[in-house]
Amino acid sequence: MRLTCPLCGERDRREFYYYGSDDYLRRPAEGAPAAAWDDYLHNRDNPAGETRDLWYHEAGCGQWLAVTRNTVTHAVLAVDLVAPVAQKRGRK
Amino acid sequence: MRYSGFKVFTEGLFGNKGWKPAWRDPAPKAEYDAIIIGGGGHGLSTAYYLAKNHGLTNIAVLEKGYLGGGNVGRNTTIVRANYFLPGNSEFYSHSLKLWEGLEADLNYNVMHSQRGLINLFHSDGQRDAFARRGNAMVNQGDDAELLDRDGVRALLPYLDFEQTRFPIYGGLLHRRGGTARHDAVAWGYARGADQRGVDLIQNCEVTGIDVENGRVTGVQTTRGAIRAKKVGIVVAGRSSQVAAMAGLRLPIESHILQAFVTEGLKPVIDHVISFGMGHFYISQSDKGGLVFGGDLDFYASYAARGNLPMVEHVMEAGMTLMPMIGRAKVLRSWGGIMDMSPDGSPVIDRTGIDGLYIDCGWNYGGFKAVPASGWCMAHLMATDQPHEVARRFTLNRFATGDLLDEEGTGSQHNLH
Ligand SMILES: Cc1cc2nc3c(=O)[nH]c(=O)nc-3n(C[C@H](O)[C@H](O)[C@H](O)COP(=O)(O)OP(=O)(O)OC[C@H]3O[C@@H](n4cnc5c(N)ncnc54)[C@H](O)[C@@H]3O)c2cc1C
Ligand SMILES: [Zn+2]
């Protein structure tokens with residue numbers, strides 16, 4: 001599998017660190033109930049098919065990337081920088 | 001039909017014409033007392049112990065493919081009881097004891113071989129951690145011996161002790177650890193369950209779970225609707241999909257773990273060796289193939305085949321540890337879909353829906369757990385109470401902070 005980093009271009013999978021589902025971008029607000037934190041940290045949709053997850057371009061530009069890909073075929077559909085994605089969701 | 005040496009002998013004399021299929025191939029009934037979704041090791045052992053220990057025989061195992069086609073037939077077959085944390089320790093101890101009586105109990109040769117497992121260590125700090133683990137194992141009533149470098153050398157003279165990156169300081173020897181024939185475990189439990197009246201229904205995929213007023217009432221399948229007041233979800237890597245049919249969102253992420261086997265060689269590796277620092281472990285099958293594996297591919301996947309970077313990594317680790325295997329030819333590699341939990345430990349619990357139970361989160365350690373998982377899941381489904389040795393495997397422990405994080409790596413599914 002290769003990922004096309006928006007900044008560095010197409011790179012080998014080994015350059016990237018995998019974190020997990022993009023649920024990590026939906027951090028509960030301060031003071032949210034414990035159940036919200038549990039859901040955020042542990043529970044996952046875990047789809048067999050299209051998913052979106054977070055990768056870190058460790059051996060490249062050092063940016064966090066949100067990758068849209070298929071967990072069954074390993075087709076990569078889109079790679080976006082996380083910073084603007086997170087901002088669109090109203091977080092700085 | 002009872003299997004025995006005498007039976008093999010007489011069948012041999014008369015052209016092997018008397019063997020019968022090991023289980024029936026029944027059509028699903030309209031209703032059962034209990035349904036188990038998933039015909040892997042854990043589903044089959046659950047059915048067996050429901051029938052044997054609890055007298056529940058009007059039950060069915062529904063398998064979407066063929067029995068044993070999932071992880072139970074894809075793993076590297078290590079059986080051990082070397083866990084550290086209370087909660088895990090007593091469970092795996094119970095499982096190993098069941099393994100030790102399994103062949104007699106099932107009247108089936110599962111080729112359980114207690115050839116000894118050696119976990120290597122490579123620093124003073126790691127030795128202390130292993131000594132502590134060994135003490136925990138002994139306190140649990142299991143066996144452990146701390147070997148120094150010479151002790152390891154006496155058993156495994158062919159390792160590269162002086163490799164520059166991870167020189168070998170010693171190892172933790174667990175003599176009762178070993179391997180078993182994975183398919184035979186599935187077949188043995190299947191045959192045992194069938195003989196007690198359990199319907200094993202293959203090519204029957206569950207597509208929906210029926211819930212009315214907070215109670216489970218049955219399932220929808222590719223072979224029609226089947227009613228049942230009790231349903232157990234035991235589907236390993238597919239847990240999230242099946243649980244979602246009942247509206248549940250699980251603390252599970254599915255990942256691929258690969259394994260490899262070489263051409264058959266003369267006996268050379270007499271133990272199971274685990275080289276944690278290199279993410280590598282190896283044993284030799286009775287057919288002579290070297291069976292080995294490493295770590296997860298690291299990203300969520302349902303592909304049931306592995307990626308090449310991990311192939312390279314595993315081969316490198318093997319060459320670091322035992323350069324002698326370098327000329328063996330790898331015959332096959334494959335992958336299995338692992339149900340990774342956020343603390344690396346499993347779940348055997350109720351679900352919040354009456355009559356619906358779940359057994360999942362086995363990560364890459366669920367083969368050794370097959371007997372005890374079935375034992376405890378059967379207990380839970382029959383009595384509605386958790387079994388004593390599985391009482392910590394709750395679904396809500398992530399919410400309460402009661403984690404069982406054996407490796408101490410934190411709440412990230414792929415780090416266990
Ligand atoms: C490469 C590899 C190496 C491993 N090595 C070891 C090891 O050395 N030691 C160890 O202890 N463990 C090991 N494991 C882990 C172990 O194999 C698993 O944890 C364990 O087998 C999982 O439980 P199971 O046997 O019930 O799973 P499976 O055999 O996967 O059973 C689940 C079944 O559910 C069925 N199913 C799924 N969805 C549906 C549906 N909708 N309807 C009906 N049926 C369905 C599937 O078809 C499957 O047959 C390894 C795993 C792999 C892949
Ligand atoms: Zn980059």
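Position labels on residues start from 1 in each chain and follow its written sequence. Whichever chain is written first is A, and whichever ligand is written first is 1; the rest continue in order. Residues qualify for local features only when their pLDDT is at least 70, as the model is predicted, and side-chain atom pairs are given and counted only at 80 or more; totals for whole chains, interfaces and linings, by contrast, use all residues. Side-chain numbers here rest on the full set of heavy atoms in the structure, without hydrogens or water.

Notes on the coordination of the zinc ion (ligand 2)
Residue and element names in this part refer to chain A.
Inference 1: Each metal's donors are the N, O and S atoms within 2.8 Å of it, or within 3.2 Å when it is Na, K or Ca, and because water is not part of the set, sites may look incomplete. Every protein donor of the zinc ion (ligand 2) is accounted for by Cys5 (SG), Cys8 (SG), His57 (ND1) and Cys61 (SG), and the metal-donor separations fall at 2.1 to 2.3 Å.
Inference 2: A four-donor site is classed as tetrahedral when every donor-metal-donor angle falls between 85 and 135 degrees; four donors are called square planar, and six octahedral, when trans pairs exceed 155 degrees and all remaining angles lie between 65 and 115, with any other arrangement labelled irregular. Metal-centred angles of 105 to 119 degrees between the four donor atoms at the zinc ion (ligand 2) mark the site as tetrahedral.
Inference 3: Positions of the donor residues of the zinc ion (ligand 2) along the chain correspond to the pattern C-x2-C-x48-H-x3-C.

Considerations on the domain arrangement of chain B
All names here are of chain B.
Inference 1: Domain limits in this description derive from either an automatic procedure or a database domain assignment. According to the domain assignment, chain B consists of domain 1 (17-77 + 183-251 + 343-415) and domain 2 (113-178 + 254-340).
Inference 2: Measuring from the centre of the C-alpha atoms in domain 1 to the corresponding centre in domain 2 gives 29 Å.
Inference 3: Two residues qualify as a contact provided that any one of their heavy atoms is within 4.5 Å of a heavy atom in the partner residue. Counting residues at the interface gives 19 residues for domain 1, matched by 21 residues for domain 2.
Inference 4: Here's the idea: put two parts together, see how much 1.4 Å probe accessible area each one loses, and the total over both is what we call buried area. Both sides together, the interface formed by domain 1 and domain 2 hides about 1700 Å², and carbon and sulfur atoms give 49% of it.
Inference 5: For salt bridges, the criterion is a side-chain nitrogen of Lys or Arg within 4 Å of an Asp or Glu carboxyl oxygen. Our count for the contact surface shared by domain 1 and domain 2 stands at one salt bridge.
Inference 6: For arginine 133, the salt bridge goes to glutamate 406, with nearest N and O atoms at 3.3 Å.
Inference 7: The definition of a polar contact used here is a pair of N or O atoms within 3.5 Å, where within protein one atom must be able to donate a hydrogen and the other to accept one, and adjacent residues in sequence count solely through side-chain atom pairs. Counting across the domain 1 and domain 2 interface gives 11 residue pairs in polar contact (both at pLDDT 80 or more).

Things to note about the UniProt feature "domain: Rhodanese" (unreviewed entry) in chain B
Inference 1: UniProt positions are given in the numbering used here, feature names are shortened, and annotations may be inferred rather than shown by experiment. If you check UniProt for "domain: Rhodanese" (unreviewed entry), the listed places come out as residues 35-78 of chain B in our numbering.
Inference 2: With 32% helix and 18% strand, residues 35-78 of chain B has end C-alpha atoms that lie 29 Å from one another. Helical segments are the DSSP runs of H or I of at least four residues, strand segments are the runs of E of at least two, and each set is numbered from the N terminus.

Some details on the packing of aromatic side chains
Residues and elements named next belong to chain A.
Inference 1: Any two rings among Phe, Tyr and Trp, with Trp reduced to its six-membered ring, count as a pair given centres within 6.5 Å; such a pair is stacked if its planes are under 30 degrees apart, edge-to-face if over 60, and tilted if neither. Within the structure shown, the criterion is met by 22 aromatic pairs over all chains.
Inference 2: Ring plane angle 55 degrees and centroid distance 5.5 Å describe the contact between tyrosine 19 and tryptophan 64, whose orientation is recorded as tilted. Pair noted here: tyrosine 19 is in strand S3 (residues 17-21) and tryptophan 64 is in strand S5 (residues 64-70), with a separation of 45 residues, a long-range link.
Inference 3: In this structure tryptophan 64 comes out as partly exposed when scored by relative accessible area, which is 33%.
Inference 4: Put simply, the rings of Tyr19, Tyr24, Trp37, Tyr40, Tyr56 and Trp64 pair up and form one aromatic cluster.
Inference 5: Counting as a charge over the ring demands two things of the Lys NZ or Arg CZ atom: a distance within 6 Å of the ring centre and an angle within 35 degrees of the ring normal. For arginine 44, the ring lying beneath its charged end belongs to tyrosine 24, and the centroid distance is 4.8 Å. Buried, partly exposed and exposed residues are distinguished by accessible area as a fraction of the type maximum, computed with a 1.4 Å probe on protein chains only: under 20%, between the cut-offs, and over 50%, respectively.

Looking at the interface of chain B and chain A
Inference 1: Facing 29 residues of chain B, the contacting portion of chain A comprises 26 residues.
Inference 2: When the area that chain B buries against chain A is broken down by residue, the three leading residues are Arg249(B), Tyr299(B) and Tyr302(B), summing to 31%.
Inference 3: The tally of links between chain B and chain A comes to four salt bridges.
Inference 4: Asp39(A) is the salt-bridge partner of Arg249(B), the closest N and O atoms lying 2.9 Å from each other.
Inference 5: Linking chain B with chain A are 19 residue pairs in polar contact (both at pLDDT 80 or more), by the criterion used here.
Inference 6: Listed by contribution, the elements that provide at least two residues to the side of chain B that touches chain A are helix H8 (239-244), strand S12 (253-264), strand S15 (289-300), helix H9 (308-321) and helix H11 (397-400) of chain B.
Inference 7: Among the elements that make up the side of chain B that touches chain A, the one with the highest residue count is S15(B) (four residues).
Inference 8: When residues are grouped by polarity, Ala, Val, Leu, Ile, Met, Phe, Trp, Tyr, Cys and Pro land in nonpolar, Asp, Glu, Lys and Arg in charged, and all others, Gly among them, in polar. Grouping the constituent residues of the side of chain B that touches chain A by class yields 13 nonpolar, 10 polar and six charged.

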